[in-house]
Amino acid sequence: MEYRLLGHSGLKVSVLSLGTMTFGGQGKFAKTGQTDVSAAQRQIGLCLDAGINLFDTADVYSGGESEVILGKALGTQRHDVLVASKARFPMGDGPNNRGSSRHHILRACEASLKRLNTDYLDLYQLHEWDGQTPLEETLRALDDLVSSGKVRYVGVSNFSAWHVMKTLGVAAANHYIRPVSQQIHYTLQAREAEYELLPVAQDQGLGVLVWSPLAGGLLSGKYRRNQAAPEGTRHLADWGEPPVRDENALYDVVDVLVDIAGQRGVSAAQIALAWLIARPQVTSVIVGARNDTQLQDNLLAADLTLNSEEIERLNQVSQLPLLYPYWHQAQTAPDRLSAADLSLIAPYLKK
């Protein structure tokens, strides 16, 4: 297992980490999985054996039950690993039981600590942007949590690039704790993060944690062109996260994944994960699994290195169009672009 620094911090995290949305199986999260404590203990054991040191959860997962199960399953091993959680989404019906206000963030953190049966969180993340709460209020609350020892590092998730930059600017101007990471959706099926989120991470020294790296299973190889979806799985028409805007483009990617996987004698899922691990801005890829077999297969991706030809095939079949102003920059300013600029634009300059 490889370990990488989380952004500009001194904290090292494994290139694969375990997401626990499948823990609990309550409410709308039942469709993602119904992992109980004993199954969670098995999965955590598999992860520890593989070298994973980061476990990611959120208060909203199964109404907090995911945190409860993770805390019980880790037990005395809690201090040997890194635990990340998130807050922002509704945790009750009241008007203040959501968002990133000081009121909600402080209460949410205390509740997460209690459910996880721990004194501190290694990484506490804003789960989504809150455009109604002043960032000064949010960041001061996070700063106080760090000063009190209840949180060690902070991050953001599902922010746009201007949200990220505004957050970093407010933190710097007020000498508040600076986020070290962003958790984003980024896959071969959805590469929109390359427009802004990955360049800002490279330029500003932010770690990148990737959620749903197999696009909810779309890139697992189970879903093929002109074939019925496997029994017990979702149909593309029901897919909202991530949205499938072009089925043919999706199947073009899957075809290449399956072809490379067949040549390598591995699963398509491993190829998709290995591609993400190889992306220069990515720090850790968060995998989740309904069962031990899926998890064991995913863990093998940590030792899989794609060659340049395989990477180029995957890049080409999934490449997005160069939007404005990037096509204009590529045409008129290629001699004055930074490394962060070129992380997006360089492949198009070769043409």
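It should be emphasised that the depicted structure is a prediction, and the values quoted were computed from it without experimental measurement.

The rules we used
Residues numbered from 1 in each chain as written. Predicted model: local features only at pLDDT ≥ 70, side-chain atom pairs only at ≥ 80, totals over all residues. Heavy atoms only, no water. Helix = DSSP H or I, 4+ residues; strand = E, 2+ residues; numbered from the N terminus. Buried < 20%, exposed > 50% of the residue type's maximum accessible area, 1.4 Å probe, protein only. Contact = heavy atoms within 4.5 Å. Areas by Shrake-Rupley, 256 points an atom, 1.4 Å probe, with all protein chains shown as cover. Lys, Arg positive; Asp, Glu negative; His and termini not counted. Charge placed at Lys NZ, Arg CZ, Asp CG, Glu CD. Pairing = 2+ DSSP bridges. Axes fitted to C-alpha atoms, helices over the stretch in contact; angles between N-to-C directions. Parallel < 35°, antiparallel > 145°, perpendicular 65-115°, else oblique. Left-handed = near helix turned anticlockwise from the far one by under 90°. Phe/Tyr/Trp six-rings, centres within 6.5 Å; stacked < 30°, edge-to-face > 60°. Lys NZ or Arg CZ within 6 Å of the ring centre and 35° of its normal. Domains from an automatic or database assignment. Buried area = accessible area lost by both parts, 1.4 Å probe. Salt bridge = Lys/Arg side-chain N within 4 Å of Asp/Glu carboxyl O. Nonpolar A, V, L, I, M, F, W, Y, C, P; charged D, E, K, R; others polar. Core = buried A, V, L, I, M, F, W, Y, C linked by side-chain atoms within 4.5 Å.

Draft legend 1. Quick peek at the overall build of the protein. When helices and strands are counted, the protein shows 12 helices and 10 strands. Its C-alpha atoms put the protein at 50 × 50 × 35 Å along the principal axes. Classification of the 351 residues of the protein by burial places 52% in the buried group. Taking the contacts inside the protein whose residues are at least 6 apart along the sequence as the reference set, 76% of them involve residues at least 24 apart. A total of about 15,700 Å² of accessible surface is found on the protein, and carbon and sulfur atoms cover 48% of it. In the protein, the 32 positive side-chain charges and the 38 negative ones have mean positions that sit 2 Å from each other.

Draft legend 2. Main features of the pairing of strand β3 (residues 16-19). Every second residue of β3 is oriented toward a common face, with Leu-16 and Leu-18 on one face and Ser-17 and Gly-19 on the other, all of them buried. Sheet topology places β3 next to strand β4 (residues 54-56); two bridges connect them, and they run parallel. If you follow Gly-19 over to β4, its bridge partner there is Asp-56.

Draft legend 3. Fine view of the packing of helix α1 (residues 37-50) against helix α9 (residues 292-299). At a minimum axis distance of 10 Å, the contact between α1 and α9 shows a crossing angle of 15 degrees. The angle between the axes of α1 and α9 places the two elements in the roughly parallel class. Where α1 crosses over α9, the handedness of that crossing is right-handed. Residues Arg-42, Gln-43, Leu-46, Cys-47 and Ala-50 of α1 lie in contact with α9, whose contacting residues are Asp-292, Leu-295, Gln-296 and Leu-299.

Draft legend 4. A look at the packing of aromatic side chains. Under the criterion given, the structure shown has six aromatic pairs. Relative to Phe-159, the ring of Trp-129 lies with its centre 5.3 Å away and its plane at 90 degrees, an arrangement referred to as edge-to-face. Of the two residues, Trp-129 is situated in the loop between β6 (121-126) and α4 (135-147) and Phe-159 in the loop between β7 (151-157) and α5 (161-174); the sequence distance between them amounts to 30 residues. Each residue in the set Trp-129, Phe-159 and Trp-162 is aromatic and connected to the rest through ring pairs, giving one cluster. Lying across the ring of Tyr-120, Arg-78 places its NZ or CZ 4.1 Å from the centre. When the ring centre of Tyr-120 is taken as reference, the NZ or CZ atom of Arg-152 above it lies at 3.8 Å.

Draft legend 5. How the structure looks around the domain arrangement of the protein. Assigned domains within the protein: domain 1 (3-311) and domain 2 (321-350). If you average the C-alpha positions of domain 1 and of domain 2, the two centres end up 29 Å apart. Of the roughly 640 Å² buried where domain 1 meets domain 2, counting both sides, 53% is carbon and sulfur surface. Taken together, domain 1 and domain 2 are joined by zero salt bridges. Its residues assigned to classes, the side of domain 1 that touches domain 2 comprises two nonpolar, two polar and three charged.

Draft legend 6. Up close: the nonpolar core. Judged by nonpolar contacts, the single largest core of 82 residues is most densely connected at Tyr-124, Tyr-186, Leu-219, Leu-257 and Leu-314. Among the elements that make up this core, the one with the highest residue count is helix α8 (residues 268-277) (nine residues). Not counting chain neighbours up to four residues away, the residues in contact with Leu-314 comprise Leu-188, Arg-191, Val-256, Leu-257, Ile-260, Ile-271, Trp-275 and Leu-306. Grouped together as the second largest cluster of nonpolar side chains are 10 residues, Val-13, Leu-54, Ala-84 and Ile-286 included.

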